[in-house]
Amino acid sequence: MSEPPPREPEVIHRFKNHLAVMISFADLLMLEMPADSPHRADVAEIHKAGRAAMALLPELEKLGH
Amino acid sequence: MAKSVTQPIVLVVDDEETIRQAARRILETSGYKILEAENGVRALELLADGTPVDLLMADLQMPELTGEEMARQLRARRPELKVLYVSGYVDRLLDERPILWEDEAFLEKPFTFDGLTEAVSLLLFGTVKPPAFDV
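Definitions and limits used
Residues numbered from 1 in each chain as written. Chains lettered and ligands numbered in written order. Predicted model: local features only at pLDDT ≥ 70, side-chain atom pairs only at ≥ 80, totals over all residues. Helix = DSSP H or I, 4+ residues; strand = E, 2+ residues; numbered from the N terminus. Expected span 1.5 Å × (residues − 1). Buried ≥ 20, exposed ≤ 12 C-beta atoms within 10 Å, placed from the backbone. Arc of directions from axis to C-beta. Contact = placed C-beta atoms within 7 Å. Core = buried A, V, L, I, M, F, W, Y, C linked by C-beta atoms within 7 Å. Pairing = 2+ DSSP bridges. Right-handed = clockwise from strand over helix to strand, strands pointing away.

A. Broad picture of helix α5 (residues 113-125) of chain B. Under the 1.5 Å per step criterion, the end-to-end length of α5 of chain B is 18 Å for 13 residues, consistent within 8% with the ideal 18 Å. Listed in full, the buried residues belonging to α5 of chain B are Phe 113, Leu 116, Thr 117, Ala 119, Val 120 and Leu 123 of chain B. Summarising the axial view, the buried residues of α5 of chain B lie within an arc of 160°, below the 170-degree limit, and thus occupy one face. The inward-facing, buried residues of α5 of chain B contact α1 (8-32) of chain A together with β2 (9-13), α1 (17-29), β4 (55-58), β5 (82-87) and β6 (104-108) of chain B.

Structure representation (C-alpha cells):
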C-alpha cells in the first residue's frame, strides 16, 4: 500500500526547510565571494528569489485553510 | 578595547541534515563552535557525559522526541542552558506556551544568516553583535 500524501502543514514545513537552506547558502556565498566575482549577480538573483518566496509564505499558508 | 569571551558552543539539533549544515556554516563563520545531533535522543546522549554546551538550537518537530520535550529534559539537567527554537511551526509552540521561559527564544524558518546570528547573539550576550571570542 502506498503512503498517503503529506498533509498541507507538512508540505509547508518541508518547503520552509528547503527555503532556509537556499537562502542560508546564498547568504554565505554573498558574504564569502569576492566583491568583483563574475558570479555575484547570479547569486544575488538566487538570494532575491529566495526572499521573494519567503514573503509569499503567509499567502501560501492561507490557501491551506 | 572590547573584552573577549570564551568561544561559545552551540548544539544544533535538527532531523534535516541540510538544515544542520546551513546552521553550522553560518555559526562557524560567526566564530561559534558547533556540535550536531540528528534528533533529540542523540542530543540527550551527547550531553549525558558532561560535554559543555552554551546554547541549544532546537527544531521543534522531530521524530522520536519533540524539540520542546528534548529541551525540557536537557534544561532539567542544565538549568543554565539557553534554548533557541527554530521551526516552521512556531505558531504551534506559542499556542501551547504563549510565554517562553527565561533564556529561551524562537526563530521562524526559513531563517537567514543575519536572523540566525542575531538570535544566537541576543540569547547569549543580550546584543545583536557578539563580542570577540577567544579560540
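B. Layout of unusual backbone geometry. All names here are of chain B. Of the consecutive residues Lys 109 and Pro 110, the connecting peptide bond is found in the cis state with omega at 0°. By the element assignment, Pro 110 lies in the loop between β6 and α5. Positive phi outside glycine occurs at Glu 64, with the angle close to 75°. Secondary-structure assignment places Glu 64 in the loop between β4 and α3 (67-77). For Glu 64, a count of 11 C-beta atoms within 10 Å puts it in the exposed group. Of note, Asp 103 is a non-glycine position whose phi angle comes to about 70°, a positive value. Relative to the assigned elements, Asp 103 resides in the loop between α4 (90-96) and β6. Take Asp 103: there are 15 C-beta atoms within 10 Å of it, and that puts it in the partly exposed class.

C. The interface of chain B and chain A, seen in detail. Chain B puts 15 residues into the contact, and the matching count from chain A is 14 residues. A total of 6 residues in the side of chain B that touches chain A trace back to one element, the largest contributor, which is α1 of chain B.

D. A look at α3 of chain B. Residues and elements named next belong to chain B. Inspection of α3 places Gly 67, Glu 68, Met 70, Ala 71 and Leu 74 among the buried residues, and these make up the whole buried set. For α3, the angular spread of the buried residues around the axis is 155°, confining them to a single face. Tucked inside the fold, the buried residues of α3 contact β2, α2 (40-47), β4, β5 and α4.

E. Representation of the nonpolar core. Counting 39 residues, the largest nonpolar core has Val 13, Leu 56, Met 57, Ala 58 and Leu 84 of chain B as the members making the most contacts within it. Those elements that place two or more of their residues in this core are α1 of chain A together with β2, α1, α2, β4, α3, β5 and α5 of chain B. Here the element with the most residues in this core is α1 of chain A; it accounts for 6 residues. Once you skip the residues sitting within four places of it in the chain, Leu 84 of chain B turns out to touch Leu 55, Met 57, Ala 105, Leu 107, Ala 119, Val 120 and Leu 123 of chain B.

F. Geometry of the pairing of β6 of chain B. All names here are of chain B. In this sheet, β6 lies alongside β5 in parallel orientation, the contact comprising 5 bridges. Paired with Ser 87 across the two strands is Glu 108, which belongs to β6. Since β5 and β6 lie parallel, the crossover through α4 that links them has a hand, and here it is right-handed.

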